[in-house]
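Descriptive structure summary
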Amino acid sequence: LLSIFLLVFLFFFGTENAGSQRWINLGFFSLQPSEFAKITLILAISKYYSDVTHLGDNSLIKVIIPVLLIIIPFIIIVTQPDLGTSILLLANGVSLIIISGISLWFILLGLFLFLISIPVIWSILFDYQKQRILTFLNPEGDPLGSGYHIAQSKIAIGSGGFTGKGFMQGSQSQLEFIPEIHTDFVFSVFTEEFGYLGALVIIILYLFLFIYGLISCYKAVHIFEKMVIFGLTVNLFLYFLVNISMVIGLIPVVGVPLPIISYGGSSMLAIMISFGIIERINLNRRLN
């Protein structure tokens, strides 16, 4: 409820930046409520499923309530507009519904409804969001316009070679051919400077975090704890997957930071809170 209140608060008192009204200005820093909504959504869905273990997997109410919990913040965030964060929130919530043990028919029905709703989704997208998707499908169509950024990102990654050009020696980043070098495209900068070897080290470190989260999920005793850890781990994985896929051209460009590495107050704080919750659950299990 607090997260939804803060998201609605943005429409009246939010700070606009680059065409999006996503931040609350607190004076000494700006807060992005949508980053914390992903955590509170995980907690809410996990709490719900821990309370309805008596319901069968074919029970419709086992799906309806979590879907409503997802749809409300999703609609608010996507109208800010913030397509990247809203997609991550939706994917994370759906993953929790799937692992809750619902019937396979619900999953297939949901997939069918999504496929037939694609034309409707396309019609309500903003023009710049449509352009990003079209650029993804044909990045060479406008190399000096909408396809410029992703083209420069690929050049930076490829020019890094095996060991990279060296710290602060990347031409694409230092000459500012790449946009948002400290947030969305930080992986491109890192790969240009430290090469394939550096990128591999980063990916291995992330894989360690994901495996640690899954092991913690497996060892957790209660359903609530298992789902919370799983949801927070999936959230971290989606950040990682979407950001890296975006900068190498596998998916359209969306505003998603790379966890821990990208500059950003709200996203960094949300990730640290996620780690804290996971460790707190692990600590409780060891003490008990």
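Here, every reference points to the structure presented above.
Heads up: these notes are all about the structure in this document. (Residues numbered from 1 in each chain as written. Predicted model: local features only at pLDDT ≥ 70, side-chain atom pairs only at ≥ 80, totals over all residues. Heavy atoms only, no water.)

1. Observations concerning the sheet that holds strand 3 (residues 30–31)
To keep things clear, this is the line we draw: Strand pairing requires that DSSP identify at least two bridges connecting the strands. Here a helix means four or more residues in a row that DSSP labels H or I, a strand means two or more in a row labelled E, and each is numbered from the N terminus. A contact between two residues is defined here by any heavy atoms of the two lying within 4.5 Å. Axes here refer to lines fitted to C-alpha atoms; in helices the fit is confined to the stretch in contact. Angles between the N-to-C directions go from 0 to 180 degrees.
Taken in spatial order, the 3 strands of this open sheet run 1-2-3, and their pairing is antiparallel. What marks the edges here is a single partner per strand, and that holds for strand 1 (15–17) and strand 3. Strand direction decides the pairing type here: strand 1 and strand 2 (residues 20–25), joined by 3 bridges, are antiparallel. When the bridges of strand 2 are listed, Thr-15 appears paired with Trp-23. Together, strand 1 and strand 2 form the strand contacts of helix 1 (residues 2–13), whose direction differs from that of strand 2 by roughly 100 degrees.

2. What about helix 3 (residues 61–78)?
Short version of the rule: A helix's residues, less one, multiplied by 1.5 Å, set its expected span. The rule is simple: take the accessible area with a 1.4 Å probe, protein chains only, and divide by the maximum for that residue type; under 20% is buried, over 50% is exposed, in between is partly exposed.
With 18 residues, helix 3 should reach 26 Å at 1.5 Å per residue; the first-to-last C-alpha distance of 26 Å fits that figure. Listed as buried for helix 3 are Lys-62, Val-63, Pro-66, Ile-70, Pro-73, Phe-74, Ile-76, Ile-77 and Val-78. Tucked into the core, helix 3 has its buried residues touching helix 1, helix 2 (33–51), helix 4 (83–99) and helix 5 (104–116).

3. Side note on the packing of helix 2 against helix 11 (residues 223–247)
Condition: Geometric relationships in this document are graded by angle, where less than 35 degrees denotes roughly parallel, more than 145 denotes roughly antiparallel, 65 to 115 denotes roughly perpendicular, and other angles denote oblique. Helix crossings are classified by the rotation of the near helix relative to the far one: an anticlockwise turn of less than a right angle makes the crossing left-handed, while a clockwise turn makes it right-handed.
Viewed as axis vectors pointing N to C, helix 2 and helix 11 meet at an angle of 150 degrees, and their least axial separation amounts to 8 Å. Judged on the interaxial angle alone, helix 11 and helix 2 are roughly antiparallel. Between helix 2 and helix 11 the crossing geometry is right-handed. Of the residues in helix 11, those touching helix 2 at Glu-35, Lys-38, Ile-39, Ile-42, Leu-43, Ser-46, Lys-47, Tyr-49 and Ser-50 are Ile-223, Phe-224, Met-227, Val-228, Gly-231, Leu-232, Asn-235 and Tyr-239.

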